[in-house]
Amino acid sequence: MIHIIHGSDTFRIQDRVHQLCAEHPDVQWIDLSETTSITDFIHACNQHNLFNPYCFIRYKNPVFLTTKVTEKTTELLDCLTHAQTSGAHTIILYTTKPIDKRFKLSKQCLGLGHAEAFTEFKDWDEDKVIHWITDRIRYYELTAEPTIAATIWHIHRTDLQRIDQLIQTIRNYEQQGSEVLHILICREFRVLQEMGGFDD
């Protein structure tokens, strides 16, 4: 299976990669970067053997997704096609650099894998962020009043990393009672007010 994770939202891209890796907790991942050549990537895909036919690769900023490539394109597409159909490969290609679909190879790669795009939230995306916060609360197996997500939005706006840290803190205190979520949110809300960082 090939997963292609891309867009401008660094936090959600990294988080999605983490989630995909967590589905295979006991495997050894091969980590590649943008300095990895296409030849080395193909070689990495072929490193499995008779005793371990499975291959797990994380590839950050693969050059063939974001720039025009003319060399070894046939070999690369053959490799990706085999990886997608064999069932023995799990490959995560992820990048925060723009993917130009005008490039034939980039477009073909997107067509081969399961692509997910994460665009950075803007200040006017209140409803989208509140929906994300609500889903994030559920992701950590917490429950909260509907107004809590909106309150968190007013405190941290589009800072998803800070929001995630707050929800994790709440999860760590969950055993102390259901009111902890409300107490922690109110405390953080008051601190921000005192700092003059909250706009009505």
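Caption draft 1: Quick look at the environment of Asp 31. With respect to the secondary-structure elements, Asp 31 resides in strand 2 (residues 30-32). Sequence separation between Asp 31 and Ile 57 is 26 residues, and the spatial gap between their C-alpha atoms is 6.0 Å. A distance of 2.6 Å separates polar atoms of two side chains, one belonging to Asp 31 and the other to Arg 58.

Caption draft 2: Here's a closer look at the pattern of salt bridges. Scanning the model with the defined rule gives eight salt bridges in all. As a salt-bridge pair, Arg 138 and Asp 135 come within 2.9 Å of each other at their nearest N and O atoms. With Arg 138 and Asp 135 both in helix 6 (residues 126-139) and three residues apart, the pair spans about one turn of that helix. With a relative accessible area of 54%, Arg 138 lands in the exposed category. Assessed through its relative accessible area of 32%, Asp 135 is described here as partly exposed.

Caption draft 3: Spotlight on the packing of aromatic side chains. Following the criterion strictly, the structure yields six aromatic pairs and no others. Taking the centre distance of 6.1 Å and the plane angle of 80° together, the rings of Phe 11 and Trp 132 count as edge-to-face. A residue pair is termed long-range when its members are at least 10 positions apart, and Phe 11 in helix 1 (residues 10-22) and Trp 132 in helix 6 qualify at 121 residues. Phe 11 sits in the buried class, given a relative accessible area of 18%. Judged by its relative accessible area of 12%, Trp 132 is buried. Here the aromatic rings of Phe 41 and Tyr 59 are separated by 5.2 Å at their centres, their planes lie at 40°, and the arrangement is tilted. Of this pair, Phe 41 sits in helix 2 (residues 38-45) while Tyr 59 sits in strand 3 (residues 55-60), and the two are 18 residues apart along the sequence. One Lys or Arg, Arg 12, reaches over the ring of Phe 121 and ends 4.2 Å from the middle of that ring.

Caption draft 4: Spotlight on the layout of surface pockets. Approximately 170 Å³ is the volume found for the second largest pocket. Taken together, Phe 11, Arg 12, Asp 15, Arg 16, Gln 19, Phe 118, Trp 132, Asp 135, Arg 136 and Tyr 139 form the lining of the second largest pocket. Taken together, the elements giving at least two residues each to the lining of the second largest pocket come down to helix 1 and helix 6. It is helix 1 that contributes the most residues to the lining of the second largest pocket, five residues altogether. A breakdown of the residues in the lining of the second largest pocket according to their chemical character gives four nonpolar, one polar and five charged.

Caption draft 5: Representation of unusual backbone geometry within the structure. Here the phi dihedral of Asn 61 falls at roughly 50°; this positive angle occurs in a residue that is not glycine. Within the secondary structure layout, Asn 61 lies in the loop between strand 3 and helix 3 (63-66). The class of Asn 61 is buried, set by a relative accessible area of 11%.

Caption draft 6: Structural context of the pairing of strand 4 (residues 89-95). Judged by how many residues are buried, strand 4 sits mostly within the fold: seven of seven residues are covered. The side-chain alternation of strand 4 yields two buried faces, one formed by His 89, Ile 91, Leu 93 and Thr 95 and the other by Thr 90, Ile 92 and Tyr 94. As paired strands, strand 3 and strand 4 are joined by six bridges and run parallel to one another. Opposite Phe 56, over in strand 4, you have Thr 90 as the bridge partner.

The rules behind the values
- Residues numbered from 1 in each chain as written.
- Predicted model: local features only at pLDDT ≥ 70, side-chain atom pairs only at ≥ 80, totals over all residues.
- Heavy atoms only, no water.
- Helix = DSSP H or I, 4+ residues; strand = E, 2+ residues; numbered from the N terminus.
- Polar contact = N/O pair within 3.5 Å; in protein donor to acceptor, adjacent residues only side chain to side chain.
- Salt bridge = Lys/Arg side-chain N within 4 Å of Asp/Glu carboxyl O.
- Buried < 20%, exposed > 50% of the residue type's maximum accessible area, 1.4 Å probe, protein only.
- Phe/Tyr/Trp six-rings, centres within 6.5 Å; stacked < 30°, edge-to-face > 60°.
- Lys NZ or Arg CZ within 6 Å of the ring centre and 35° of its normal.
- 1 Å grid on protein atoms, 1.4 Å probe; cavity = no way out; pocket = protein on both sides within 12 Å on 5 of 7 lines; lining within 4 Å.
- Points joined across faces, edges and corners; volume = space filled by probe spheres on them.
- Nonpolar A, V, L, I, M, F, W, Y, C, P; charged D, E, K, R; others polar.
- Pairing = 2+ DSSP bridges.

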